[in-house]
Amino acid sequence: MKKIWTIALAGLLLCACTDKSQEYRIHGRISSKDLEGVQIFLVPVGHEEPWNVDSVYIRNYEFAFSGKEHRMCELRIDKYHRDKGQSLLVVTEPGDIYVTIGPNSTGGGTPQNDSLQVWKELTLQVNQQDNMLRRAGHREELDSLRAAYKERTRAMARALGEDSSLGEFLMNLYPAPTD
């Protein structure tokens, strides 16, 4: 009996010593009742092999993921329901990440995810301006807008640092021109 208690105590101590400070926790909500009970996937960007993908079912309009691997990922609704919720890029960095999946999905709560949301909003604004300028035939203004957007994205990547998941992702979108 004493041996069982010793093993149990050792197990409790081992669990208590687990470092949770490096863990990411995604707390998700949905804005569409149509997504209740649907499967949602956490897909690492560039590593979409089935063994790298995590998934859960949405219950009570919520879902959650957690882990310790830090990288760029995409939250993606199953293929039969993607028209009801926009996919969302997230950085699985330490801390609590809060996301809402719906027609215009949003995320934040950690430094890189807050920056990612800012970049997403900038991208949406630039895309709207791009469409207007293209329809109006304003080629020079369109080229200027695109160049400014690329430079702003590169500046954000440099500010985040290429060693961060988001910084590396943004820098790979628009690599700095070589001389």
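To be clear, the structure that these remarks concern was listed above.
In this report, we go over the structure that sits alongside the text.

1. Description of the packing of helix α2 (residues 111-136) against helix α4 (residues 165-173)
Part 1 of the reasoning: Remark: α2 packs on α4, axes separated minimally by 9 Å, with the N-to-C direction vectors making an angle of 30 degrees. Classified by the angle their axes make, α2 and α4 are roughly parallel. Across the interface between the two elements, Gln-112, Ser-115, Leu-116 and Trp-119 from α2 touch Ser-165, Leu-166, Phe-169, Leu-170 and Leu-173 from α4.
Part 2 of the reasoning: When its residues are assigned to classes, the contact of α2 with α4 shows six nonpolar, three polar and no charged.

2. Let's talk about the nonpolar core
Part 1 of the reasoning: Judged by nonpolar contacts, the single largest core of 18 residues is most densely connected at Ile-26, Phe-63, Leu-75 and Ile-101.
Part 2 of the reasoning: Broken down by secondary-structure element, the contributors of at least two residues to this core are β1 (24-30), β2 (39-44), β4 (62-67), β5 (72-77), β6 (88-91) and β7 (95-101).
Part 3 of the reasoning: Once residues within four sequence positions are removed from consideration, Ile-26 is found in contact with Leu-42, Phe-63, Ala-64, Phe-65, Leu-75, Val-90, Thr-92, Ile-97 and Val-99.
Part 4 of the reasoning: Grouped together as the second largest cluster of nonpolar side chains are 16 residues, Val-91, Leu-142, Ala-157 and Leu-166 included.

3. A short note on the sheet that holds β5
Part 1 of the reasoning: Taking strand neighbours across the sheet as the criterion, the four strands line up as β3-β2-β5-β6 in an open arrangement whose pairing is antiparallel. The open sheet has two edge strands with one neighbour each: β3 (54-57) and β6. Each strand axis lies, on average, 25 degrees off the axis of its neighbour in the sheet, ignoring direction.
Part 2 of the reasoning: Its contacts with the sheet put α2 on β5 and β6, and the angle it makes with β6 is roughly 150 degrees.

4. Describing the sheet that holds strand β8 (residues 106-108)
Part 1 of the reasoning: As summarised here, the arrangement of the four strands in space is β4-β1-β7-β8, forming an open sheet in which the pairing is mixed. Each having just a single partner strand, β4 and β8 make up the two edges of the open sheet. Across the sheet, the mean angle from the axis of one strand to that of its neighbour is 15 degrees, orientation sign disregarded.
Part 2 of the reasoning: Pairing geometry for β7 and β8, over three bridges, is antiparallel. Counterpart to Tyr-98 in the pairing with β8 is Gly-108.
Part 3 of the reasoning: Packing of α2 onto the sheet brings it into contact with β7 and β8, and relative to β8 it is tilted by some 145 degrees.

The rules we used
- Residues numbered from 1 in each chain as written.
- Predicted model: local features only at pLDDT ≥ 70, side-chain atom pairs only at ≥ 80, totals over all residues.
- Heavy atoms only, no water.
- Axes fitted to C-alpha atoms, helices over the stretch in contact; angles between N-to-C directions.
- Helix = DSSP H or I, 4+ residues; strand = E, 2+ residues; numbered from the N terminus.
- Parallel < 35°, antiparallel > 145°, perpendicular 65-115°, else oblique.
- Contact = heavy atoms within 4.5 Å.
- Nonpolar A, V, L, I, M, F, W, Y, C, P; charged D, E, K, R; others polar.
- Core = buried A, V, L, I, M, F, W, Y, C linked by side-chain atoms within 4.5 Å.
- Buried < 20%, exposed > 50% of the residue type's maximum accessible area, 1.4 Å probe, protein only.
- Pairing = 2+ DSSP bridges.

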